[in-house]
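# Breakdown of the fold
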Amino acid sequence: MESNIINEKIFDVEKIRNDFPILHQLVHKKPLCYLDNAASTQKPKIVIDSINDFYSTTNSNIHRGVHFLSEKATQKYENTRTTVKNFINAKSEKEIIFTSGTTASINLVAQSFGKKYVNEDDEIIVTYMEHHSNIVPWQILCEEKNVNLRVLPINNNGELILEKFNELITERTKLISVVHVSNSLGTINPIEEIIKIAHQNNIPVLVDAAQSIQHTSIDVQKLDCDFLAYSGHKIYGPTGVGVLFGKEKLLDEMPPFMGGGDMIAKVTFDETTYNELPYKFEAGTGNIAGVIGLGAAIDYVKSIGLEKIHKHENQLLEIATQKVSEIKGLKIIGTAKEKTSVLSFIVENIHPHDIGTFMDFEGVAIRTGHHCTQPVMDFFKIPATSRASFSFYNSLEDIDQFIIALKKTIEALS
Ligand code: PLP
């Protein structure tokens, strides 16, 4: 059945797809339909070229050299810090720490902030829809320091029940760590409101932006979040690189997470003093090429415009949602009012893994499993979902290919 949603042409998807070499291939003799963007996004040629160019012309270690290549590499690396700072509107480059990804950023805060500010019987609040990487680091801290992890519940649509903060927040709450967009439900959480509630109680907030940074523009000063974490590979950049934003005052007071080269001012056997921000938190040789690739990715995303990206992806989600809703026996998991880019579903009597495997033969890449959100699966009393997740390089043809493949899969496996 034809969708009755009129697709407003926001930009030329075909032209954009030409920027992504990987998209132009056959999988099992079918055109690749890549709908696993929440797991990792594909890379535009400009990002691939920037990494190739770094290793071909500039490769050298940063910060410690006086020679030409080292200075050039340092300049490119630090230029990306400025790009990231401007992208999220941080006040200063000192607030931008390069890590290996969201997971590393959250672990850094859990360990360093935890060491400084969290004591026995204190409490940390997370939500029911967190990715494991925003649960387990806190559980480790809780075990180490005898701290309690408290969990904000969700409702049947996969939305946070904000009223429950009243019962959860106490004078012992030291941090609220919350996901901006859920990777398994697609829910956009009202982080502005959450930050407001937290700050009224003098509690800092960490925002896991792994699934929002690529879909919507984020202004950390306007949000007033205390920490924000994201991964390069979810925003069309390389794997193994990510960002931790932290307010300078907090980062300044926090102890280093890892010790080693680059993070020190002076080392003697009697005493070691630490480097200034942000280097205090960047021990050892980082992913220099990855950081430079991330800079290229952010420039690329900015050149397209997050507003247009958000609009296009929302149209794809809306159209796909309408079309799958017409399929008998299919249930969407995650029906929040505010959603973006993620369509999770189950089909009566068919295991999601079978759906994913069968769809692969049709050239359609979706993800199946618990998506590193096992508590969400437990809440809905399901083992797993099938998940299609959209990017601005997905077209209406992709949605058609996905729907046809899904119908064929269900028919074959029913
Ligand atoms: N948080 C969310 C919401 C995610 O979706 C993911 C990855 O899927 C992560 C955190 C972890 O990201 P990474 O594996 O890049 O560290």
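To keep things clear, this report deals only with the structure shown in the data block. None of the values given here were measured: they were computed from a predicted structure. Residues take numbers from 1 onward in each chain, read along the sequence in its written order. Note on the predicted model: pLDDT of at least 70 is required for a residue's local features to be given, and 80 or more for side-chain atom pairs to be given and counted; whole-chain, interface and lining totals, by contrast, use all residues. In computing side-chain values, all of the structure's heavy atoms are included and hydrogens and water are not.

## Observations regarding the site of the ligand
- Around the ligand sit T102, T103, H131, S133, V179, N183, D208, A210, Q211, S231, H233 and K234, and those are all the residues in its vicinity.
- Here K234 contributes a side-chain N or O atom positioned 2.4 Å from an oxygen atom of the ligand.
- Each accessible area is a Shrake-Rupley estimate made with a 1.4 Å probe; only the visible protein chains count as cover when residues are assessed. The protein chains hide 85% of the 390 Å² of surface that the ligand would expose on its own.
- For the shell around the ligand, a count of residues per class yields 2 nonpolar, 8 polar and 2 charged. Throughout this document, a residue counts as near a molecule or strand when at least one of its heavy atoms sits within 4 Å of that molecule or strand. Here a polar contact is taken to be a pair of N or O atoms separated by no more than 3.5 Å, where protein atoms must pair a possible hydrogen donor with a possible acceptor and residues adjacent in sequence count only if both atoms sit in side chains. Classification used: nonpolar for Ala, Val, Leu, Ile, Met, Phe, Trp, Tyr, Cys and Pro, charged for Asp, Glu, Lys and Arg, polar for all others including Gly.

## Quick word on the sheet that holds strand β13 (residues 330-333)
- If you walk across this open sheet you meet the 4 strands as β13-β14-β17-β16, and the pairing is antiparallel. This sheet does not close on itself; its edge strands, each paired only once, are β13 and β16 (367-369). Taken over all neighbouring pairs, the strand axes of this sheet differ in orientation by 30° on average, direction set aside.
- Pairing of strand β14 (residues 342-347) with strand β17 (residues 385-389), which is carried by 4 bridges, proceeds in the antiparallel orientation. For two strands to pair, DSSP has to find at least two bridges joining them. Helix and strand assignments follow DSSP, with helices taken as H or I runs no shorter than four residues and strands as E runs no shorter than two, numbered in order from the N terminus. Axis lines are fitted through C-alpha atoms, for helices just across the contact stretch, and the angle between N-to-C directions can take any value from 0 to 180 degrees.

## A few points about the pairing of strand β7 (residues 173-179)
- When accessible area is computed with a 1.4 Å probe and restricted to protein chains, residues below 20% of their type maximum are described as buried, those above 50% as exposed, and intermediate ones as partly exposed. Across the 7 residues of β7, 6 count as buried, placing the element largely inside the fold.
- With 3 bridges joining them, strand β5 (residues 123-127) and β7 adopt parallel strand pairing. When the bridges of β7 are listed, I124 appears paired with L175.
- Here 4 bridges tie β7 to strand β8 (residues 205-208), and the two strands are oriented parallel to one another. Bridge pairing links V178 to V207 in β8.
- Regarding topology, helix α7 (residues 191-200) serves as the crossover connection from β7 to the parallel β8, and that connection is right-handed. By convention, orient the strands away from the viewer: a clockwise path from the first strand over the helix to the second makes the crossover right-handed.

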